[in-house]
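Chain by chain, the residues:
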Amino acid sequence: MTEFEYKTLSIDSKETEHSKEDKMMKKVNQACEKLNRRLGISVELPNPKKKALKTAAACNLVVGAGLVAAGILFPSKSCALLGGISVISSVVLRKESKHKNHESEGVREHKNPA
């Protein structure tokens with residue numbers, strides 16, 4: 001396999017991954033809209049901007065690292081566990097911010113209820 005073929009294959013697999021995530025979000029939004037209609041309420045899922053995701057990821061990383069350090073210094077397994085969860089959350093948010101494309105940043109589609 002040539003380097004070009006490998007890079008093309010890598011790009012194609014990333015695009016497929018993005019489209020799967022987009023489909024998943026579309027299904028979640030459709031399910032929420034259906035539930036909203038049945039209950040007669042209007043609840044919208046947040047669509048944070050890329051900058052907000054990066055800020056949240058940085059905060060989670062700092063808090064998580066502090067909790068892990070406190071869990072190591074003091075005999076508190078729960079502190080270390082919460083810190084680990086916070087660090088994992090930071091990684092997930094950072095990955096999500098990298099996948100966020102510029103066109104959809106903070107833009108919501110509003111439908112007319114009529």
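Details of the structure are given in the entry above.
Because the structure is a prediction, the values reported are computed rather than measured.

Caption draft 1: View of the overall build of the protein chain. In terms of regular secondary structure, the protein chain is built from three helices and zero strands. Within the protein chain, contacts between residues separated by at least 24 positions form 64% of all contacts whose residues are at least 6 apart in sequence.

Caption draft 2: The side chain of serine 86, seen in detail. Inspection of the secondary structure puts serine 86 in helix α3 (residues 77–99). Those residues in contact with serine 86 that sit more than four places away from it in its chain are Asn60, Val63 and Gly64.

Caption draft 3: The arrangement of the packing of helix α2 (residues 50–73) against α3 in detail. For the pair α2 and α3, interaxial distance at closest approach is 7 Å and the crossing angle is 160°. Overall, the two elements α2 and α3 adopt an arrangement that is roughly antiparallel. Both α2 and α3 take part in a crossing whose hand is left-handed. Of the residues that constitute the contact of α2 with α3, the class distribution is 14 nonpolar, nine polar and four charged.

Caption draft 4: Inspection of the environment of glutamate 96 at higher detail. Tracing the chain through its elements places glutamate 96 in helix α3. Exposure remark for glutamate 96: the relative accessible area of 39% places this residue in the partly exposed category. Placed 42 residues apart in sequence, glutamate 96 and lysine 54 show a C-alpha to C-alpha distance of 8.9 Å.

Caption draft 5: Quick look at α3. When the terminal C-alpha atoms of α3 are compared, their 33 Å separation across 23 residues agrees well with the 33 Å that a helix rising 1.5 Å per residue should span. Of all the residues in α3, the buried ones are Gly83, Ser86, Ser90 and Ser97. Contacts made by the buried residues of α3 are with α2.

Caption draft 6: α2, seen in detail. For α2, built from 24 residues, the straight-helix expectation of 34 Å at 1.5 Å per residue is met to within 8% by its first-to-last C-alpha distance of 35 Å. Those residues of α2 that are buried are in contact with α3.

Caption draft 7: Layout of a nonpolar patch on the surface. Nonpolar side chains collect at one region of the surface, where Met24, Met25, Val28 and Leu45 lie side by side and expose about 330 Å² of accessible area between them. With respect to the secondary-structure elements, valine 28 resides in helix α1 (residues 3–39). A relative accessible area of 37% places valine 28 in the partly exposed class.

Each value, and the rule that gives it
- Residues numbered from 1 in each chain as written.
- Predicted model: local features only at pLDDT ≥ 70, side-chain atom pairs only at ≥ 80, totals over all residues.
- Heavy atoms only, no water.
- Helix = DSSP H or I, 4+ residues; strand = E, 2+ residues; numbered from the N terminus.
- Contact = heavy atoms within 4.5 Å.
- Axes fitted to C-alpha atoms, helices over the stretch in contact; angles between N-to-C directions.
- Parallel < 35°, antiparallel > 145°, perpendicular 65-115°, else oblique.
- Left-handed = near helix turned anticlockwise from the far one by under 90°.
- Nonpolar A, V, L, I, M, F, W, Y, C, P; charged D, E, K, R; others polar.
- Buried < 20%, exposed > 50% of the residue type's maximum accessible area, 1.4 Å probe, protein only.
- Expected span 1.5 Å × (residues − 1).
- Patch = residues over 30% accessible without salt bridge, like charges linked within 9 Å, V, L, I, M, F, W, Y side chains within 5 Å.
- Areas by Shrake-Rupley, 256 points an atom, 1.4 Å probe, with all protein chains shown as cover.
- Salt bridge = Lys/Arg side-chain N within 4 Å of Asp/Glu carboxyl O.

In short, the description is geometric, and any link to function would need to be established separately.
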